[in-house]
Amino acid sequence: MSGAHSNLAASDKGETAAAEPAASAGLKRGIDWTGAFWVASGVPPLVLFSIGAVAATVGKPTWIVFAASIAMGFIQSFTYAEIAGLFPHKSGGTSVYGAIAWVRYSKIVAPLSVWCNCFAWSPVLAIGSGLAAGYILTGLFAPDSVINTWQITLADLGAVKAGLTIRINATFILGAIILIAVKLIQDGGILRSANTTKIIGVSAMIPLLLIGVLPILTGDIVRANFLPLVPIAHDVHGNVVQGTWDMAGWTLIAGGMFLAGWSTYGFETAVCYTGEFKNPKSDTFKAIFYSGLLCIAAYTLVPFAFQGYLGLGELVKPAELDAAGQVVTPAVYSGMLAPDIYSGAGVGGVMAQMVHGGRIGGAIVVVMLILAIVLSIMTSLAGTSRTLYQASLDGWLPRYLSKVNQHGAPTNAMLTNLGFNLVLLLMSDYVFVLGASNIGYLMFNFLNLNAGWIHRMDRPDQERPWRAPTAIIAAGTVLSFVNLAFVGMGADVYGDGTLRTGLLFALLIVPIFCYRHYLQDKGRFPDTMLEELELADGTRLQRRAGWLPYGALALGALVVYVTHRLAVY
């Protein structure tokens, strides 16, 4: 839009500053790449969040979906590593660096990148604390005990999704305690957070590695659990049957790839701490590269072993039909199709069985998996709070989010994140929350992969501590549209209205940004941001990308529309 031109240009001054490791205002340079690696080590345990829902969606191709998804994520990460190196003085991750590419072309699209990243990562807190609380409660009390069954329903959200409610129960109370404890740890700053996650990270990686390797060594992998390699389908009574590679089958695969990406792409959070690296020029690439290797191991071995051990399962209880033949109560299955596997609540128990440790050994594994989930919560809170903090400094989000405490921790951003997730923790369907938030995540992914070539065109001479091969930048651009196809075709697999809800939530950034930019800042970006947008002599940087960013946006919208129309649910 034309209004984007008034204050928008990158600068000789800004580009010089971008090449120097000047500290971000308020944040402290206290870690090297290993610190970010340990904070990002909370990404592999995200497999506990999504493996059940993906398995119940696609069936036997589950392990291939995760392997393909982490391969895509690794290719995409090289673009993120390059654009992060352009701004070693900033914190907040790739959404912040990508927003600087888009702001010259649209003031609205730029903050959309930051917002979508935040509301995609933030629910890790609610989902993770809910899962951890569920593991604890089911481990200590019988499933039918009062503490596991009592509930106070506050509101019915059936208009959003059938069966969705806001409720208070033991899971909410215990989950809230976990969230508050994580927040208190992170109030001590990034160095204390990194040291804490290192300790938890070692404990968390042990069970995941055992789960991924031990069943292969013990012969617990059953070949029949992988073949025939076709997605599942449902007959007219809602019973699971063997599917085919028709459009309905590909829709389920798109749904699986859509949800898997929320977990597998997450190691891009390793570059959220650029403004806190001691040597950002070398630490940035190392952090995301080695985090990516860790995730490749986790997301190929664990889904393969989990599927090979558990299998799809068998019919436990047939569906109940009414007089008209309509399904009243869905059929219940065991294995990967079991309801508690879909929700994630039963994943920990199955993984405890996979290590053959007996009752005591199984209990130890569950405890370690709980630590793994807590590690994911710490990763999410650390990354999203710094994104909110930097977005506030740059003029995208309200000013109060830029406050830090005496330890250099973005305390207001963390408090905001905590309050938002306490509301999400009240919701009864975490898979729906995950699906809706992932709409934003793949929108962020699209904008930032395209920011790679926009920065190449608009900042051709700026120093790049690490420069990705041009073919990788091109591959990332292609994958950005592939991810939008997963959004259009696969989002509503997780409930009618998932796509609509995610898009509506993404649009909330418009009034928020307008409040900050036009009411608080009177249409002018903060001086720290202008260093990235204006030349030192006041002239504008030439927008070499021309119409191409607008063309990418139009093509992206078309991809979502067409693939959504092609989907067969």
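Residues numbered from 1 in each chain as written. Predicted model: local features only at pLDDT ≥ 70, side-chain atom pairs only at ≥ 80, totals over all residues. Heavy atoms only, no water.

*Asks:* Could you clarify how one ought to interpret the overall build of the chain in this entry?
*Replies:* When helices and strands are tallied, the chain shows 22 helices and 8 strands. In the chain, the share of contacts with a sequence separation of at least 24, taken over all contacts with a separation of at least 6, comes to 81%. When the accessible surface of the chain is summed, it comes to about 20700 Å², and 67% of that surface belongs to carbon and sulfur atoms. (Helix = DSSP H or I, 4+ residues; strand = E, 2+ residues; numbered from the N terminus. Contact = heavy atoms within 4.5 Å. Areas by Shrake-Rupley, 256 points an atom, 1.4 Å probe, with all protein chains shown as cover.)

*Asks:* Just checking my understanding: could you explain the confidence of the model for the chain for this structure?
*Replies:* Detailed conclusions should not be drawn from predicted coordinates in areas where pLDDT is low. On average, residues of the chain score 84 in pLDDT, and 89% of them reach the 70 mark or higher. This model gives residues 1–25 a pLDDT under 50, and the stretch forms 84 contacts once residues within four places in sequence are excluded. (pLDDT = per-residue confidence, 0-100.)

*Asks:* I tried to follow the packing of aromatic side chains on my own but got confused; where do I start?
*Replies:* Remark: the centre distance and the inter-plane angle together describe each pair of aromatic rings, the angle taken between the planes. Tallying each qualifying case throughout the model produces 27 aromatic pairs. Pairing F66 with Y299 gives two aromatic rings, centres 6.2 Å apart and planes at 10°, and the pair type is stacked. Of the two residues, F66 sits in helix α4 (residues 62–85) while Y299 sits in helix α12 (residues 280–310), which places them 233 residues apart along the sequence. Ring geometry for W115 against F119: centres 6.3 Å apart, planes inclined by 55°, an arrangement best described as tilted. (Phe/Tyr/Trp six-rings, centres within 6.5 Å; stacked < 30°, edge-to-face > 60°.)

*Asks:* Can you help me understand the environment of S129 in this one?
*Replies:* By the element assignment, S129 lies in helix α7 (residues 123–140). Sequence separation of S129 and T171 is 42 residues, and the distance between their C-alpha atoms is 8.4 Å. Engagement of the side chain of S129 in a polar contact is seen with the backbone oxygen of L125, the distance being 2.7 Å. (Polar contact = N/O pair within 3.5 Å; in protein donor to acceptor, adjacent residues only side chain to side chain.)

*Asks:* Sorry if this is basic, but what is going on with the pattern of salt bridges here?
*Replies:* Where side chains of opposite charge bring their charged atoms close, a pairing between them can arise. Applying the stated criterion across every chain, the model contains 6 salt bridges. Between R464 and E82 there is a salt bridge; the shortest N-O distance is 3.1 Å. With R464 in the loop between α17 (430–458) and α18 (470–490) and E82 in helix α4, this residue pair connects regions lying 382 residues apart in the sequence. Judged by relative accessible area, which is 11%, R464 ranks as buried. Classification of E82 by relative accessible area gives buried; the value is 0%. With a shortest N-O distance of 3.8 Å, R104 and D458 are connected by a salt bridge. Here the residue R104 occupies a position in the loop between α5 (94–102) and α6 (109–121), and D458 occupies one in helix α17, the gap between them amounting to 354 residues. What makes D458 buried here is its relative accessible area of 1%. Through salt bridges that share partners, E82, R456 and R464 make up one connected network. (Salt bridge = Lys/Arg side-chain N within 4 Å of Asp/Glu carboxyl O. Buried < 20%, exposed > 50% of the residue type's maximum accessible area, 1.4 Å probe, protein only.)

*Asks:* What should I look at first to understand helix α19 (residues 498–506) in this one?
*Replies:* Structural remark: α-helix, 3.6 residues per turn; residues separated by three or four positions point the same way. Along α19, the residues classified as buried are T498, L499, G502 and A506. For α19, the angular spread of buried residues about the axis comes to 100°, placing them on one side. Taken together, the buried residues of α19 touch α6, α17, α18, α20 (509–520) and α22 (548–566). (Arc of directions from axis to C-beta.)

*Asks:* What's the story with the packing of α4 against helix α11 (residues 247–264) in this structure? I'm lost.
*Replies:* Packed helices, taken two at a time, are described by the angle their axes make and the gap between the axes. Remark: α4 packs on α11, axes separated minimally by 9 Å, with the N-to-C direction vectors making an angle of 50°. Taken together, the axis directions place α4 and α11 in an arrangement best described as oblique. Crossing of α4 over α11 shows right-handed handedness. Contact residues: α4 offers V65, F66, A68, S69, I70 and M72, while α11 offers I253, G256, M257, A260, G261 and T264. Among the residues making up the contact of α4 with α11, the classes are represented as 8 nonpolar, 4 polar and no charged. (Axes fitted to C-alpha atoms, helices over the stretch in contact; angles between N-to-C directions. Parallel < 35°, antiparallel > 145°, perpendicular 65-115°, else oblique. Left-handed = near helix turned anticlockwise from the far one by under 90°. Nonpolar A, V, L, I, M, F, W, Y, C, P; charged D, E, K, R; others polar.)

*Asks:* Would you mind showing me how to read a nonpolar patch on the surface here?
*Replies:* Together, I64, L227, L229, W245, M247, W250, L555, L558, Y561, V562, L566 and V568 line one region of the surface with nonpolar side chains, adding up to about 1100 Å² of accessible area. Top element by residues in the nonpolar patch is α22. It accounts for 5 residues. On the basis of relative accessibility, which here comes to 39%, the residue V568 falls in the partly exposed class. (Patch = residues over 30% accessible without salt bridge, like charges linked within 9 Å, V, L, I, M, F, W, Y side chains within 5 Å.)

*Asks:* Which parts of the structure should I look at to understand the side chain of Q307?
*Replies:* Summarising the element assignment, Q307 is placed in helix α12. For Q307, a relative accessible area of 0% gives the class buried. There is a polar contact of 3.1 Å between the side chain of Q307 and the backbone oxygen of N225. For Q307, the contacting residues outside a window of four places in its chain are G59, K60, T62, W63, N225, F226 and M336.

*Asks:* Explain the nonpolar core here, please?
*Replies:* Within soluble globular proteins, side chains that are nonpolar tend to cluster in buried spots. Grouped together as the largest cluster of nonpolar side chains are 159 residues, with contacts concentrated most on L48, F49, F258, F306, M351 and W396. Looking at this core element by element, the count peaks at 16 residues for α17. Look past the residues within four positions of M351 in its chain and what remains in contact with it is L48, I211, V302, F306, V365 and L369. (Core = buried A, V, L, I, M, F, W, Y, C linked by side-chain atoms within 4.5 Å.)

*Asks:* Just checking my understanding: could you explain unusual backbone geometry for this structure?
*Replies:* Most peptide bonds take the trans configuration, and most residues that are not glycine carry a negative phi. Residue P228 is reached from L227 by a cis peptide bond, and omega for that bond is -5°. Within the secondary structure, P228 is located in the loop between α10 (190–218) and β3 (232–234). You will see that K522, though not glycine, has its phi angle at about 55°, which is positive. Locating K522 in the fold gives a position in the loop between α20 and α21 (527–533). We classify K522 as exposed; its relative accessible area is 66%.

*Asks:* Teacher, can you tell me more about α5 here?
*Replies:* With 9 of 9 residues buried, α5 is to be regarded as a mostly interior element. By the burial criterion, the buried members of α5 are T94, S95, V96, Y97, G98, A99, I100, A101 and W102.

*Asks:* It is not clear to me how the side chain of R386 should be interpreted in this structure. Could you clarify?
*Replies:* Relative to the elements of secondary structure, R386 occurs in helix α15 (residues 358–393). Within the local environment of R386, its side chain forms a polar contact with the side chain of S385, the two groups lying 3.5 Å apart.

*Asks:* Would you take a moment to explain the environment of A71 for this structure?
*Replies:* Here A71 lies in helix α4. Once the C-alpha coordinates of A71 and T264 are considered, the two residues, 193 residues apart in sequence, prove to be 8.7 Å apart.

*Asks:* Is there a simple way to think about the packing of α6 against α17 in this case?
*Replies:* Relative to each other, α6 and α17 sit at 140°, their axes nearing to 7 Å. Taken together, the axes of α6 and α17 lie oblique to each other. Viewed along their axes, α6 and α17 form a crossing whose handedness is left-handed. Residue-level contacts link V109, L112, S113, C116, N117, F119, A120 and W121 of α6 to A436, S437, G440, Y441, M443, F444, L447 and N448 of α17. Considered class by class, the residues forming the contact of α6 with α17 number 11 nonpolar, 5 polar and no charged.

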